[in-house]
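Fold and geometry: a report
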Amino acid sequence: QVQLVEFGVGLVQPGGSLRLSCEVSGSYFSINTMGWYRQAPGKQRELVTSITSSGSTNYADSVKGRFTISRGNAKNTIYLQMNSLKPEDTAVYYCNADITGWGKLRGMEYWGTGTLVTVSS
């Protein structure tokens, strides 16, 4: 069974930094695109950033220049380095992955359970 487990939770002051990580466990053929979404109170879930299996990245305009997504050497882990955090970055952050199972032609979407990031003084 494929699972996504997120690490990193916290309360940080505005201007501070925080690093999240997400690890994929279980049996699968390949991990395709992985990324981070977030959902603030009263708002819809939105894409923060994503990274493809080849390393191409995509960022929401609101986090460009402040957040960096990267992939571990084992390719089953991604990291989200968040710098210059703002109160509006407060949200539950969800890890997302498109994973192709053994014998399958298409990937399926998997989600982590989410981790709360609070930016407040």
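Preceding block: the structure.
Description of the structure in this document. Just so you know, these numbers come straight off a predicted model, no measurement behind them. (Residues numbered from 1 in each chain as written. Predicted model: local features only at pLDDT ≥ 70, side-chain atom pairs only at ≥ 80, totals over all residues. Heavy atoms only, no water.)

Turning our eyes to something else, we now look at the overall build of the protein. Counting secondary structure elements, the protein contains zero helices and 11 strands. Along the protein, helices (α) and strands (β) appear in the sequence β-β-β-β-β-β-β-β-β-β-β when read from the amino end. Overall, the protein is about 50 × 25 × 20 Å in size when its C-alpha atoms are taken along their principal axes. Taken over 121 residues, the protein has a buried fraction of 41%. Put simply, the protein has 11 plus and 8 minus side-chain charges, and the middle of one group is 4 Å from the middle of the other. (Helix = DSSP H or I, 4+ residues; strand = E, 2+ residues; numbered from the N terminus. Buried < 20%, exposed > 50% of the residue type's maximum accessible area, 1.4 Å probe, protein only. Lys, Arg positive; Asp, Glu negative; His and termini not counted. Charge placed at Lys NZ, Arg CZ, Asp CG, Glu CD.)

Residue placement: Asn 76 occurs in the loop between β7 (67-71) and β8 (77-82). A distance of 3.3 Å separates a polar atom in the side chain of Asn 76 from a polar atom in the side chain of Thr 77. Here Asn 76 is in contact with Cys 22, Glu 23, Val 24, Tyr 28 and Ile 31, once residues within four sequence places are set aside. (Polar contact = N/O pair within 3.5 Å; in protein donor to acceptor, adjacent residues only side chain to side chain. Contact = heavy atoms within 4.5 Å.)

Moving on, we get to unusual backbone geometry. Positive phi, close to 65°, is recorded for Lys 75, a residue that is not glycine. Counting through the fold element by element, Lys 75 comes out in the loop between β7 and β8. According to the relative accessible area criterion, Lys 75 is partly exposed, its value standing at 46%. In this structure, Ser 84 is a non-glycine residue whose phi angle is positive, near 50°. Mapped onto the elements, Ser 84 comes out in the loop between β8 and β9 (91-100). The partly exposed category is assigned to Ser 84, whose relative accessible area is 40%.

Let us look at the pairing of strand β3 (residues 18-25). Strand direction decides the pairing type here: strand β1 (residues 3-7) and β3, joined by five bridges, are antiparallel. Across the sheet, residue Gln 3 finds its bridge partner in β3, namely Ser 25. Relative to β8, β3 is paired through six bridges, and the arrangement is antiparallel. Within β8, the residue paired with Leu 20 across the bridge is Leu 80. (Pairing = 2+ DSSP bridges.)

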